[in-house]
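Inside the fold
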Amino acid sequence: MDRKWITENCNFYDYIKHMTTLSTGALVVLITFADKFSTASSDKTFFIWGIILLLTTIFSALVSMVITLSIQRYNDTSSVPKKERDRLALSLLGMWGSFFCSLISISIFTVVNL
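Residues numbered from 1 in each chain as written. Predicted model: local features only at pLDDT ≥ 70, side-chain atom pairs only at ≥ 80, totals over all residues. Heavy atoms only, no water.

Quick look at the pattern of salt bridges
- The tally for this structure, following the rule as stated, stands at 2 salt bridges.
- For K82, the salt bridge goes to D86, with nearest N and O atoms at 3.1 Å. Separated by 4 residues within a single helix, K82 and D86 lie in helix 3 (residues 82-112), roughly one turn from each other.
- For K82, a relative accessible area of 54% gives the class exposed. (Salt bridge = Lys/Arg side-chain N within 4 Å of Asp/Glu carboxyl O. Helix = DSSP H or I, 4+ residues; strand = E, 2+ residues; numbered from the N terminus. Buried < 20%, exposed > 50% of the residue type's maximum accessible area, 1.4 Å probe, protein only.)

Here we look at the nonpolar core
- Core analysis: the biggest nonpolar cluster contains 20 residues, and I16, L30, L54 and M95 have the highest contact counts within it.
- Secondary structure elements with two or more residues in this core: helix 1 (3-32), helix 2 (45-71) and helix 3.
- Here this core gets 8 residues from one element, more than from any other, and that element is helix 2. (Core = buried A, V, L, I, M, F, W, Y, C linked by side-chain atoms within 4.5 Å.)

Some words on the side chain of S102
- Within the secondary structure, S102 sits in helix 3.
- Residues contacting S102, with those up to four places away along its chain left out, are G50, L53 and L54. (Contact = heavy atoms within 4.5 Å.)

Looking at the packing of aromatic side chains
- Going through the model one piece at a time under the given rule, you end up with 6 aromatic pairs.
- Of the aromatic side chains, those joined through ring pairs into one cluster are F12, Y15, W96, F99 and F100. (Phe/Tyr/Trp six-rings, centres within 6.5 Å; stacked < 30°, edge-to-face > 60°.)

Some details on the side chain of S91
- As for its placement among the helices and strands, S91 is situated in helix 3.
- What S91 contacts, discounting residues up to four positions off in sequence, is S60, V63, S64 and I67.

Details of the environment of I108
- By secondary structure assignment, the location of I108 is in helix 3.
- Relative accessible area serves as the criterion here: at 33%, I108 is assigned to the partly exposed category.
- For the pair formed by I108 and P81, sequence separation is 27 residues and the distance between their alpha carbons is 41 Å.

Let's talk about the packing of helix 2 against helix 3
- Interhelical geometry of helix 2 versus helix 3 gives an angle of 160 degrees and a closest axis separation of 8 Å. As the angle between them shows, helix 2 and helix 3 are arranged roughly antiparallel. In the crossing of helix 2 with helix 3, the sense of the turn from one axis to the other is left-handed.
- Looking at side-chain class alone, the contact of helix 2 with helix 3 contains 17 nonpolar, 12 polar and 2 charged residues. (Axes fitted to C-alpha atoms, helices over the stretch in contact; angles between N-to-C directions. Parallel < 35°, antiparallel > 145°, perpendicular 65-115°, else oblique. Left-handed = near helix turned anticlockwise from the far one by under 90°. Nonpolar A, V, L, I, M, F, W, Y, C, P; charged D, E, K, R; others polar.)

Structural data, given as structure tokens:
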């Protein structure tokens, strides 16, 4: 196995791990301060969607991690089947899409309740 290939996969795995850490931290902070919001908050729909989307981000990141670990058994990029590359791309798209949507949702909730 090529040493460069192993290093790239480890770096990519760490990148996904950091994304999971960021999402989990944001989720913990939101849930911790959820009871501090006044009951007169106009609409908590965006807040709830933000939490759901952060959970989706974490799930997608975990799927990406599993796929990345399964790809490591191949010798190089060209030997990875297209099906696995497509799965990884789809899970990464889901991870980033849900992360950005959660940020937008929580931002809207903040602006509406200021």
